[in-house]
Structure formats: C-alpha cells, structure tokens
Amino acid sequence: MCKYDFILKNGFVVDYKNAFAKYSDIAIKDGKIAEIALEISSQTAHDVLDLEGQLVVPGSVDPHVHLSTWLGGRTGHRMLARAGVTTALDMSGPGEGVMDIARDYGVGLNIATIEFVRPGYTVGSENPDAQELTQLIQKVLKHGSLGIKLLGGHYPLTPEATQLAIEIAAKEEAYVAFHAGTKATGSNLNGFLEAIELSKGNPLHLAHINAYLRGTVKPCLEEVNIAIQALKAHPNITSEAYLSPLNGTSALCEKGLPASMVTRRCLITGGYEATEAGMEKAILSGWAMVQMEKAGEMVLTFGEEGVKEWREKGDVGVSFVVNPAEPRYCLATAKDENNNFVVGSISTDGGGIPRNVIIPMGLNLVEMQALTIQEFVQKTSYNPARMLGLENKGVLETGYDADITVINRQLREAVLTMVQGKLSMYKGYICGSGTNIITTALGADYVRSKGLNPLIVNYTDTTVYKNAH
Ligand SMILES: [Zn+2]
C-alpha cells in the first residue's frame, strides 16, 4: 500500500488563502490534498507526474457558464475542461437537460445549475404571482437546481414580478441570479440600477456586470463608475464579470423578428435592422457570428456557412463583438476602500459558448500587473467557490479537495485539471467522465435518480446569502 495515490512534483504552487507561492510537491490521497511540501518522495505514491515548474492553482471555478441543450451543453463540458475549469455554475438550465447532458457527456467536473424563469416556458406570463413563483422555486430545488435565473435582459418580467421572485427565493432559501432588465428597462445601465433597487437588500447574484456597461446610456467609463459606486453601496449584491469582447445570445427569429431583446439591440449597434432580414445581412458580413459544432467543440462561423447553419437549425446561439475593453478591465480590477474586489469573481458566460478565456485573459491582467497572481487565484477559484458554498474548494492546503488546475504560464493555457483527485484533462485530452452535481439536500435524491453524484451545499454557506446578512 502506498501512502499517497498521486504526487504532482515540481510545480509552482500558488494559493490565495495561505498567501503561498513556492515551488512545491503536492500529494493526493482519496480525493483530498494530503501534503504540500518542498519535496515529497516519489516512492510514496502510486503515480507521479513531474510538472517541470508549471503553474499550479486551485481548480478554476467559473460562476457563469451554459451547459444546456440550447446552449452547446454536449460540447461545453469538454470545452470547460480544456479551458482549465473544474467547477462551474450553469446559468439557466433547463435543469433536467443539463443533468442528462452532464451524465452522458460529463468529463468529471462539478456542476451546479439554476432554472430559467421565462414567460411561456416556466411561468405562464410576464407577471407571475407569488403562488406561481413559490411553486416553481420549490419544484426546481427538488429537481436538483440551486435556485432560479431571471432572464430579464432577454425575456423580461414586470418589475413587480422580478422583485417578488427575488424576495421569494430568499424566503425559500434558493439561489437567485439575475440578468438585469424588466418590462420597464433593458439590459443596460438603467436595468442594472433597477435590478439593485428591486433586490431590496435580499441576496442576489447579479450576472455579468460588464454586459450592462456597453456605453448605450452614457459614455462607458462613466457607466462603469456609476456601477462600481452602486455595487459598493449594496453589499447584498454578489457579482461576476467576464473578460471576452464577445457576447452570446440567441439568433432565433419569430414572425420576422429576433426573439431576444439583446439580439435586437446588438443588430442595431452594428448598424443592422433588428429584423430577420437584418440578421441575415449581419451573419453574411461577420458582425453576427453563429455558434456551430465542429470536431466536438462549439466554434463561431459567419458568411454563407453561418447563414446555412442558422437557416437549418433556427434556434442557434450567436455572438457579437459588443463588449468595449475598458469596462471589462476596470471591473476585473476595481477595489473598495477595504481593498476588497468590488466584483468578486471573473466568469466567462462560456461553457458551450466559445469564450472560455479565464486563463489567457486573466493571466494577461497578471502580466500587466493589474492583478497579482494570488489575486488571479482569488478571483478565479477562491471567491467563486465560496459563491457556491463550496467551502472545501478553491484552496491548496492539506485536507481540502484535490481540485487542481495546472497552467503553462508562457502559453497561458491549461495543461491539466484534476477534480477530487481524478484527472479530468491532460494536455488537451479528456480523461474524466460523469459529473458531480452541486445541489442542496432537497435535490440530492433527484440527482441520484438521474445517475449522477450529488455534491451537497447549504444555501446559507454561499456568499450570495452571506453578503446579504
Ligand atoms: Zn449567461
């Protein structure tokens, strides 16, 4: 019997919690970190891998991805693993499809999901009442979701129903995330400020802050300053922002018009009509890039090929280059008077949408000294793990889960990911299978019935809850 299962030797180990950054060996036993030391004898483990000085960080946690049937789910698990991610929050469901895909196409990751609230799909109208919202939330918790996602910017509810949904989620101890926007506003600075107002101090994960600050209401840096002040003044809001210039929305058209309000806005921004005809012109020119599966991953395509994919599939994802640079960089680095980050985590809004760029773009900020390497770990692993109530992740220390990401610093590329001591990805090859579904005690049986492994968290351990109390 060997003392350890696995040793990762000679990595440059960086940990935020312990303010640690040293060449070290890490020994792993039964899915946990068993020892971190300058030198651990290779004789003590079944398996040893020499990392030759590569960067070793706690497994990357992405608090905003999409892994559903609609948004590239089948390919998303592989794309996340290749991007160095070990844990992620699916930000819209449908939960059942997310779990079926996670079972059949999983690569060994930890995945949480929250259920979308959309008129005509999960609620009857744009103005669901308290009873309907309560029933929906109770049902999704039993079905393994952590809570709900309000899709306001795309498919808005009334302000009243939005406020009610946030309030009821708090009462039912359900996680609630919100893409800002209601019938009264849109996915912009006004929608963002309205979202904070509608939260009424209740816990709220306000999604992708950068996406509301594209300079459509005021010059974008002015918008960023307003947003930063508003976030500082409202600690009940937990947030993330992403670094990619690309957004991701739906290209579906109904009765000659794009179904999503965000898509209409993007067409207008590019100088196109917000119609089906305008969409075709935008795809042909490359302003609209259609998400298409190629060799097991989603890629972006345009021109004739893009139009063909869109015409054949109808309900495809589409991306536009609509995120100006300054808001993304300001939000990634902004701190309050106590030296805490205003936006706690770096996300991608990726998964099945091809923009899983936490490592390349996050490390660019480190190269520019906009973040220290330990702050990079804080924003891409420690904080987002806590957002989801995963107290045993996001830290490299004896006794914590052996969720590890190894990065080639020169190429700014993940070379290995390990989840609870099991390899998920090595040098681009997928080694893992299945999925651990992050759920509450209420959803564990359902997750098991789906043939998946539940990883139980408490709502009150999430920073989304803690920040509001
Ligand atoms: Zn999203």
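A. Main features of the overall build of the protein chain. Within the protein chain one finds 14 helices and 26 strands. Taking 2.2 N^0.38 as the reference for a compact globule, 469 residues should give roughly 23 Å; the C-alpha atoms of the protein chain span a radius of gyration of 21 Å, in line with that estimate. Classification of the 469 residues of the protein chain by burial places 60% in the buried group. In the protein chain, the proportion of contacts linking residues at least 24 apart, taken out of those at least 6 apart, comes to 70%. With an accessible surface of roughly 17,800 Å², the protein chain has 50% of that area assigned to carbon and sulfur atoms. Averaging the positions of the 41 positive and the 51 negative side-chain charges in the protein chain gives two centres separated by 1 Å.

B. Molecular detail of the coordination of the zinc ion. For the zinc ion, the full set of protein donor atoms is His 64 (NE2), His 66 (NE2) and Asp 349 (OD), and the range of their distances to it is 2.1 to 2.2 Å. Counting along the primary sequence, the residues that act as donors to the zinc ion give the motif H-x1-H-x282-D. Taken as a pair, His 64 in strand S6 (residues 60-66) and Asp 349 in the loop between strand S19 (345-347) and strand S20 (350-351) lie far apart in primary sequence, 285 residues in all. Across the pair, Asp 349 and His 64 agree in class, each one buried.

C. Expanded view of unusual backbone geometry. The step from Gly 93 to Pro 94 runs through a cis peptide bond, and the omega angle for that step is 0°. For Pro 94, the location among the structural elements is in the loop between strand S7 (85-90) and helix H2 (95-105). The backbone of Asp 349 shows a phi angle near 55°, a positive value even though the residue is not glycine. Note on Asp 349: relative accessible area 5%, which makes it buried.

D. Geometry of the pairing of strand S16 (residues 289-294). In the sheet, S16 pairs with strand S18 (residues 317-319) via two bridges, with the strands oriented antiparallel. What sits directly across from Met 289, in S18, is Ser 319. Two elements, S16 and strand S17 (residues 297-301), share five bridges in a ladder whose sense is antiparallel. Each bridged residue has a counterpart across the sheet, and for Glu 293 the counterpart in S17 is Met 298. In this antiparallel pair of consecutive strands, S16 and S17, the connection spans two residues, and Ala 295 shows a positive phi of 50°.

E. Expanded view of the side chain of His 179. Assignment of secondary structure puts His 179 in the loop between strand S10 (175-178) and helix H5 (189-199). A distance of 3.3 Å separates a polar atom in the side chain of His 179 from a polar atom in the side chain of His 208. With sequence-adjacent residues up to four places away left out, His 179 is seen in contact with Lys 149, Leu 150, Leu 151, Gly 152, Gly 153, His 154, Ser 187, Ala 207, His 208, Tyr 212 and Val 262.

F. Region of interest: the domain arrangement of the protein chain. Assigned domains within the protein chain: domain 1 (4-57 + 396-431), domain 2 (59-245 + 323-395 + 432-469) and domain 3 (252-319). Relative to domain 2, the C-alpha centre of domain 1 lies at a distance of 27 Å. Taken together, the 35 residues of domain 1 in the interface contact 36 residues of domain 2. When domain 1 packs against domain 2, close to 2,700 Å² is buried across both sides, 58% of that on carbon and sulfur atoms. Among the residues domain 1 hides against domain 2, the three largest losses belong to Tyr 16, Arg 412 and Ile 430. Together they make up 27% of the total. Between domain 1 and domain 2 we count three salt bridges in total. Salt-bridge contacts for Lys 393 lead to Asp 401; the nearest nitrogen and oxygen are separated by 2.8 Å. Residue composition of the side of domain 1 that touches domain 2, grouped by class: 19 nonpolar, seven polar and nine charged.

G. Region of interest: the nonpolar core. Counting 56 residues, the largest nonpolar core has Leu 150, Tyr 175, Phe 192, Leu 206 and Ile 209 as the members making the most contacts within it. In contact with Tyr 175, other than residues within four places in its own chain, are Leu 89, Ile 114, Leu 146, Gly 147, Ile 148, His 205, Met 387, Leu 388, Tyr 459, Thr 462 and Val 464.

H. Up close: the packing of helix H3 (residues 130-142) against helix H4 (residues 159-171). Orientation of H3 relative to H4, taken along the N-to-C sense of each, is 45°, at an axis distance of 10 Å. Accordingly, the angle class assigned to the pair H3 and H4 is oblique. Crossing of H3 over H4 shows right-handed handedness. Residues Ala 130, Leu 133, Thr 134 and Ile 137 of H3 touch H4, and the partners they reach there are Ala 161, Leu 164, Ala 165, Ile 168 and Ala 169. Of the residues that constitute the contact of H3 with H4, the class distribution is eight nonpolar, one polar and no charged.

I. Molecular detail of the state of the cysteines. Applying the stated rule across the entire model yields zero disulfides. The thiol sulfur of Cys 330 is not disulfide-bonded, and the nearest other cysteine sulfur, from Cys 220, lies at 8.3 Å. Here Cys 330 falls in the partly exposed class, since its relative accessible area comes to 28%.

J. Structural view of helix H8 (residues 276-285). Turning to H8, its buried residues number three or more, namely Gly 278, Met 279, Ala 282 and Ile 283. Each buried residue of H8 sits inside an arc of 135° when the element is viewed along its axis, so together they form one side. Against the buried residues of H8 lie helix H7 (261-269), S16 and helix H9 (303-313). One or two positions beyond H8, positive phi appears at Gly 286, with a value near 95°.

K. Quick look at the sheet that holds S18. Overall, antiparallel pairing links the four strands, which are arranged S13-S18-S16-S17 in an open sheet. Strands with a single pairing partner mark the edges of an open sheet, and in this sheet they are strand S13 (249-250) and S17. Pairing of S13 with S18 involves two bridges; the strand directions are antiparallel. Each bridged residue has a counterpart across the sheet, and for Thr 249 the counterpart in S18 is Val 318. Contacting S16 and S17, helix H1 (residues 73-82) runs over the sheet at an angle of about 95° to S17.

L. How the structure looks around the environment of Gly 108. Mapping Gly 108 onto the fold places it in strand S8 (residues 107-117). Its relative accessible area of 16% is what places Gly 108 among the buried residues. When the C-alpha positions of Gly 108 and Ile 237 are compared, they lie 31 Å apart, and in sequence the two are 129 residues distant. When sequence neighbours within four positions are dropped, the list of residues in contact with Gly 108 reads Val 419, Gly 432, Ser 433, Gly 434 and Asn 436.

What counts, and at which threshold
Residues numbered from 1 in each chain as written. Predicted model: local features only at pLDDT ≥ 70, side-chain atom pairs only at ≥ 80, totals over all residues. Heavy atoms only, no water. Helix = DSSP H or I, 4+ residues; strand = E, 2+ residues; numbered from the N terminus. Rg over C-alpha atoms; globule rule 2.2 N^0.38 Å. Buried < 20%, exposed > 50% of the residue type's maximum accessible area, 1.4 Å probe, protein only. Contact = heavy atoms within 4.5 Å. Areas by Shrake-Rupley, 256 points an atom, 1.4 Å probe, with all protein chains shown as cover. Lys, Arg positive; Asp, Glu negative; His and termini not counted. Charge placed at Lys NZ, Arg CZ, Asp CG, Glu CD. Donors = N, O, S within 2.8 Å, 3.2 Å for Na, K, Ca; no water. Pairing = 2+ DSSP bridges. Polar contact = N/O pair within 3.5 Å; in protein donor to acceptor, adjacent residues only side chain to side chain. Domains from an automatic or database assignment. Buried area = accessible area lost by both parts, 1.4 Å probe. Salt bridge = Lys/Arg side-chain N within 4 Å of Asp/Glu carboxyl O. Nonpolar A, V, L, I, M, F, W, Y, C, P; charged D, E, K, R; others polar. Core = buried A, V, L, I, M, F, W, Y, C linked by side-chain atoms within 4.5 Å. Axes fitted to C-alpha atoms, helices over the stretch in contact; angles between N-to-C directions. Parallel < 35°, antiparallel > 145°, perpendicular 65-115°, else oblique. Left-handed = near helix turned anticlockwise from the far one by under 90°. Disulfide = S-S within 2.5 Å. Arc of directions from axis to C-beta.

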